[in-house]
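Architecture at a glance
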Amino acid sequence: MSLTRSDTILKMIVEYFIKNAQPVGSQTLIEEFHLPYSSATIRNEMFALEKMGLIEKPHTSAGRIPSSKGYKYYCEHLRDNNVDEDIKNSLQTVLNKKVQSIEEVIKESCEIISHMTNLVSVVMGPDESKENLAKITLIPISDNTITAIFVTDKGYVENKTFIIPDTVDSQEIIQCVELLNQRLVGTPIAQLVEKMQAIRPLLQDYVVSHDLVYQAILESLVKFASDRLSLYGKEELFEHPEFKNDAKALARVMKLLDNASLFKSVDSEINKEKENLLVKIGEIEENPDISVVTAKVKLGEGGENTISLIGPKRMDYDKAINAIEYLVNELEKHFNDQGGNNSGEA
């Protein structure tokens, strides 16, 4: 890639600030990157970059930092497009494991990506309006503990473990689940809670201890129908000085991560744009100091998921974008080239 002098200097400013979290001046650029230009020449280039809105001057420093516009230009024109070899090797270790569900692979992969980029990864499940309940299964864990597993026709899995009081006959719970399967299988996920409420009188007629079963399963279905969100690597935010040294900034971003509407809006935007990758730099209204890199991934018959990386506006975009693009490509190859052998069923 052949760059103009101006582009080269902007690239260096971005990468220096990403690495050091400190504004940079002309003399620092010369020393850090062994540039063959005079300090005056670099100052002139920096002045031109500032006039274009690609870099800016913080109030507390004589140096310059990238602007949101500068980061975007960097992402579109200046980054290196090389995937970190450690990320490649670690992800391949996960993908080479035998007989894993979609959920297990995504969880392990996102934990790796988060750890290696120091960013939070977020997975948004398929649109619940486009999948139906396939089955509810009970698995006894002990004499008084049981796990209910819910599976959709797209391979999405949720489970709920609950305690059975000694006063409840386990056979009643089995009868209850059989009834639920008869009445709920095939129901769109978005309609499960409403239909569950409608059949409550039937449970009352057939199952003496219907309240316990009803409440336990209803709680699971509410989560199943509305919470299609998984977050990994929140602790990685502590590695960034923006949050490590500013408790209020950390609290703001943590609050944002608990807001599912943010991720739904990003998911909606990437669908609307019909793009496979969306990079939002300082564009989150609730917190303009963070950035989000989002990609779509289609896993067999499991519908489309979105995977996002979230961190400070100073995130390493080259590493983050390359990592998420590599992950999506490898996940799609892994699950779509196997003839449906990985259904995601647990």
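Residues numbered from 1 in each chain as written. Predicted model: local features only at pLDDT ≥ 70, side-chain atom pairs only at ≥ 80, totals over all residues. Heavy atoms only, no water.

Along the protein chain, the regular secondary structure elements total 14 helices and 10 strands. Evaluated residue by residue, the protein chain yields a buried proportion of 48% over its 346 residues. Of the accessible surface of the protein chain, which amounts to about 17,500 Å², a share of 47% is contributed by carbon and sulfur atoms. (Helix = DSSP H or I, 4+ residues; strand = E, 2+ residues; numbered from the N terminus. Buried < 20%, exposed > 50% of the residue type's maximum accessible area, 1.4 Å probe, protein only. Areas by Shrake-Rupley, 256 points an atom, 1.4 Å probe, with all protein chains shown as cover.)

Looking now at unusual backbone geometry. You will see that H34, though not glycine, has its phi angle at about 55°, which is positive. You can see H34 is positioned in the loop between α2 (26-33) and α3 (39-51). For N81, which is not a glycine, the phi torsion comes out positive at approximately 65°. When you line up the elements, N81 lands in the loop between α4 (68-78) and α5 (85-95). For N81, a relative accessible area of 48% corresponds to the partly exposed category.

Looking now at the confidence of the model for the protein chain. Per-residue confidence for the protein chain gives a mean pLDDT of 85, with 89% of residues at or over 70. Considering only residues more than four positions removed or in separate chains, one finds that residues 339-346, a stretch of pLDDT under 50, has 14 contacts. (pLDDT = per-residue confidence, 0-100. Contact = heavy atoms within 4.5 Å.)

With that out of the way, let us pick up the pairing of strand β10 (residues 304-312). The two faces of the sheet receive side chains in turn, since in a regular strand these alternate between them. Within β10, 8 of the 9 residues are buried, which leaves the element mostly enclosed by the surrounding structure. With 5 bridges connecting them, strand β3 (residues 120-124) and β10 associate as antiparallel partners. By the bridge assignment, V123 is partnered in β10 with I307. Direction of pairing for strand β9 (residues 290-298) relative to β10: antiparallel, over a ladder of 9 bridges. Looking at β10, one finds that V293 is bridged to L309. (Pairing = 2+ DSSP bridges.)

Here the focus is the sheet that holds strand β5 (residues 145-152). Reading across from one edge, β4-β5-β6 is the order of the 3 strands in this open sheet, with antiparallel pairing throughout. Lying at the two open borders of the sheet, with one neighbouring strand each, are β4 (133-142) and β6 (157-163). Ignoring which end each strand starts from, the neighbouring axes of this sheet average 20° apart. Contacting β4 and β6, helix α7 (residues 170-184) runs over the sheet at an angle of about 165° to β4. (Axes fitted to C-alpha atoms, helices over the stretch in contact; angles between N-to-C directions.)

Below, the discussion takes up the sheet that holds β9. In spatial order, the strands read β7-β3-β10-β9-β8; together these 5 strands make up an open sheet with antiparallel pairing. A single partner strand is all that each edge strand has here, and the edge strands are β7 (229-232) and β8 (277-281). The average angle at which neighbouring strand axes cross in this sheet is 15°, direction not considered. Relative to β3, helix α6 (residues 102-117) is tilted by about 150°, and along the sheet it contacts β3, β7 and β10.

The residue K280 is located in strand β8 in this model. A distance of 3.0 Å separates the side chain of K280 from the side chain of E269, its partner in a polar contact. (Polar contact = N/O pair within 3.5 Å; in protein donor to acceptor, adjacent residues only side chain to side chain.)

On inspection of all chains with the given rule, the structure shows 1 aromatic pair. Aromatic pair Y71 and Y317: ring centres 5.1 Å apart, planes at 50°, arrangement tilted. Of this pair, Y71 sits in helix α4 while Y317 sits in helix α14 (residues 317-336); the two residues are 246 residues apart in sequence, bridging distant segments of the chain. The class of Y317 is buried, set by a relative accessible area of 0%. Lying across the ring of Y37, R5 places its NZ or CZ 5.3 Å from the centre. (Phe/Tyr/Trp six-rings, centres within 6.5 Å; stacked < 30°, edge-to-face > 60°. Lys NZ or Arg CZ within 6 Å of the ring centre and 35° of its normal.)

Here we come to helix α12 (residues 247-257). Note on helix geometry: an α-helix contains 3.6 residues per turn, so any two residues three or four positions apart are oriented the same way. Among all positions in α12, only A249, L250, V253, M254, L256 and L257 are buried. Here the buried residues of α12 occupy an arc of 160° about the axis, which is enough to place them on one side. Structural note: α12 exposes A247, K248 and K255 on the side pointing more than 90 degrees away from its buried face. You can read the cap of α12 off the contacts: a side-chain oxygen lies 3.2 Å from the backbone nitrogen of K248, and it is on D246. (Arc of directions from axis to C-beta.)

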